[in-house]
Amino acid sequence: MTSYKELGLVNTREMFAKAVAGGYAIPAFNFNTLEQMQAIVQAAVETKSPVIMQVSKGARNYANGTILRYMAQGAVEYAKELGCENPQIVLHLDHGDSFELCKDCIDNGFSSVMIDGSALPYEENIALTKKVVEYAHKYDVTVEAELGVLAGVEDEVASEVSHYTKPEEVEDFSKRSGCDSLAISIGTSHGAYKFTPEQCTRDPKTGKLVPPPLAFDILHEIEKRLPGFPIVLHGSSSVPQDEVDTINAHGGKLPDAVGIPEEQLREASKSAVCKINIDSDSRLAMTAAIRKHFDEKPGDFDPRQYLKPARENMKKMYMHKIIDVLGSNDKL
Ligand code: G3H
Ligand code: 13P
Ligand code: ZN
């Protein structure tokens with residue numbers, strides 16, 4: 001058993017309470033590689049922001065769970081080396097799909113886990129979440145649950161409101177499951193294609209796709225029913241048009257990629273939404289920088305030559321999110 005406390009990591013409890021009270025959100029950035037980890041830590045230290053570093057099942061398969069845990073431990077030490085006396089870094093399991101996976105992470109240094117029972121029938125989601133909470137709380141690890149299903153591009157986001165979280169369920173769910181935070185579905189979705197062109201309108205000036213707005217009425221109803229309770233938004237990448245354009249200008253093919261407009265995430269951050277998940281924007285920032293580099297310097301073959309600008313571009317994106325969208329800067 002390795003406790004996250006020995007590694008200098010923190011759980012989400014205090015950080016979420018401060019974020020809800022302060023009207024800002026904590027960034028939850030996924031990481032799979034050394035360069036993502038370095039860029040996240042540099043951005044968090046330079047902006048004096050708490051940060052959640054999250055690991056998906058896919059990341060564990062790609063990079064090895066043990067290595068990622070040691071990287072998070074390294075992140076704490078790296079933050080100190082960069083001059084941050086008291087880093088607030090959470091190591092979080094993203095989309096845990098079983099008790100066994102959550103337990104394995106809790107036993108191996110994670111300070112927070114998500115148990116995603118959102119695809120299960122309501123009572124089964126409660127039972128599974130409760131089982132994880134009971135184990136996690138013994139070790140002071142915090143638990144994120146999910147209620148409602150995030151729509152994918154294949155779903156009719158604009159019309160399939162039945163996928164949205166039902167506000168009338170949230171009090172019962174949070175009370176009976178004992179979860180510490182709740183991911184809700186109000187129109188965000190994973191990936192770089194969050195909406196089909198048919199679900200969007202076109203800006204007559206730019207010709208770019210304008211996605212349908214998030215369901216803020218549902219968010220506000222949930223806030224009313226669970227005052228001060230930490231709410232999480234998944235699928236919150238903005239899919240920056242300049243990165244998509246750079247990728248497409250240098251041999252990529254991402255037609256009609258579309259994300260969540262930043263002004264809506266800014267608005268959500270001021271509410272009980274206190275954790276905002278961003279993965280795709282990091283992938284886009286990395287890919288855009290690498291494609292541009294390869295195009296401009298075809299003779300380069302030392303990975304450090306193209307991973308350095310990739311890391312710098314991700315850091316710029318992380319800092320922008322922290323300062324200009326989530327408002328978690330200057331909180332350490
Ligand atoms: O929720 C999805 C995250 O973006 C992680 O994606 O499973 O491909 O690592 P992944
Ligand atoms: P994006 O695909 O919008 O970055 O969402 C990431 C996410 O929700 C990870 O859990
Ligand atoms: Zn997610």
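In this report, we go over the structure that sits alongside the text. Every chain is numbered independently, its residues counted from 1 as its sequence is written. Think of it this way: whatever chain is written first is A, whatever ligand is written first is 1, and the rest follow in order. Where totals are concerned, whole chains, interfaces and linings use all residues; where local detail is concerned, this predicted model gives features only for residues with pLDDT of at least 70, and gives and counts side-chain atom pairs only at 80 or more.

1. Quick word on the overall build of the protein chain
Only runs of H or I of at least four residues qualify as helices and only runs of E of at least two qualify as strands under DSSP, and these elements are numbered from the N terminus. A tally of helices and strands in the protein chain yields 12 helices and 10 strands. The C-alpha radius of gyration of the protein chain comes to 19 Å, within 12% of the 20 Å expected for a compact globule of 332 residues. We call two residues in contact if the C-beta atoms placed from their backbones are at most 7 Å apart. If you take every contact in the protein chain between residues at least 6 apart in sequence, the share linking residues at least 24 apart comes to 75%. Computation of the radius of gyration draws on C-alpha atoms alone. For the globule rule, the value is 2.2 Å times the number of residues to the power 0.38.

2. Concerning the sheet that holds strand S3 (residues 89-96)
Strand order around the closed barrel formed by 8 strands is S1-S2-S3-S4-S5-S6-S9-S10, with parallel pairing between neighbours. When strand polarity is set aside, the average angle formed by the axes of neighbouring strands in this sheet is 25 degrees. Across 4 bridges, strand S5 (residues 142-147) lies against strand S6 (residues 181-184) in parallel orientation. Bridge pairing in S6 places Glu146 opposite Ala183. For helices, the fitted line uses only the C-alpha atoms of the stretch in contact; every axis is such a line through C-alpha atoms, and the angle between N-to-C directions lies from 0 to 180 degrees. Across the sheet, helix H5 (residues 99-107) lies against S3 and strand S4 (112-115), angled at about 165 degrees from S3, the strand it touches most. When DSSP locates at least two bridges between a pair of strands, those strands are taken to pair.

3. Comments concerning the site of ligand 2
We call a residue near a molecule or strand when the C-beta position, derived from backbone atoms, sits within 6 Å of it. Neighbouring ligand 2 are 14 residues, the closest being His234, Ser237, Asn277, Asp279 and Ser280. Secondary structure elements with two or more residues in the shell around ligand 2: S3, strand S10 (273-278) and helix H11 (280-296).

4. Some points on the pairing of strand S2 (residues 51-55)
When you tally the buried positions in S2, you get 5 out of 5 residues, the bulk of the element. Where burial is concerned, the two faces of S2 agree: the one with Val51, Met53 and Val55 and the one with Ile52 and Gln54 are both buried. Where strand S1 (residues 26-30) and S2 come together, 3 bridges link them in parallel fashion. From the neighbouring strand, Phe29 faces S2, where its bridge partner is Met53. Handedness of a crossover is defined as follows: orient the strands so they point away from the viewer, and if the path from the first strand over the helix to the second runs clockwise, the crossover is right-handed. In terms of handedness, the path from S1 via helix H2 (residues 34-47) over to S2 forms a crossover that is right-handed. Sheet analysis places S2 next to S3, joined by 5 bridges and oriented parallel. In the sheet register, Met53 faces S3, and the bridge partner there is Leu91. Using C-beta atoms placed from the backbone, we call a residue buried if 20 or more other C-beta atoms fall within 10 Å of its own, exposed if 12 or fewer do, and partly exposed for counts in between.

5. Considering the packing of H5 against helix H6 (residues 122-138)
Packing of H5 against H6 leaves a shortest axis separation of 10 Å and a crossing angle of 15 degrees. Classified by the angle their axes make, H5 and H6 are roughly parallel. In the crossing of H5 with H6, the sense of the turn from one axis to the other is right-handed. Here Phe99, Cys102, Lys103 and Ile106 of H5 lie close against H6, whose contacting residues are Leu128, Lys131, Val132, Tyr135 and Ala136. Residue polarity follows a fixed list, in which Ala, Val, Leu, Ile, Met, Phe, Trp, Tyr, Cys and Pro are nonpolar, Asp, Glu, Lys and Arg are charged, and the others, Gly among them, are polar. Each residue belonging to the contact of H5 with H6 can be placed in one class, and the counts come to 7 nonpolar, no polar and 2 charged. The scheme is simple: roughly parallel for angles under 35 degrees, roughly antiparallel for over 145, roughly perpendicular for 65 to 115, oblique for anything else. With the far helix as reference, a near helix turned anticlockwise by less than a right angle produces a left-handed crossing, and one turned clockwise produces a right-handed crossing.

6. Examining the site of ligand 1
The full set of residues close to ligand 1 is Asn30, Ser56, Gly58, Ala59, Asp94, His95, His190 and Asp279. For the shell around ligand 1, the secondary-structure elements that each account for two or more residues are helix H3 (57-63) and S3. Here the residues of the shell around ligand 1 sort into 1 nonpolar, 5 polar and 2 charged.

7. Looking at the environment of Val41
The residue Val41 is located in helix H2 in this model. The class for Val41 is buried, based on 29 C-beta atoms found within 10 Å. Taking C-alpha positions, Val41 is 8.9 Å from Leu82, a pair spaced 41 residues apart along the chain. Setting aside its immediate chain neighbours within four residues, Val41 contacts Ala75, Tyr78, Ala79 and Leu82.

8. Section: unusual backbone geometry
Despite not being glycine, Asn64 has its phi angle at roughly 85 degrees, a positive value. Turning to its location among the elements, Asn64 is positioned in the loop between H3 and helix H4 (65-81). Of note, Asp140 is a non-glycine position whose phi angle comes to about 60 degrees, a positive value. Locating Asp140 in the fold gives a position in the loop between H6 and S5.

9. Examining the environment of Lys292
Looking at the secondary structure, you find Lys292 in helix H11. Here Lys292 falls in the partly exposed class, since 19 other C-beta atoms lie within 10 Å of it. Taking the C-alpha atoms as reference points, Lys292 and Pro255, separated by 37 residues in sequence, lie 18 Å from one another. In this structure, Lys292 is in contact with Thr246 and His250, ignoring residues within four places of it in sequence.

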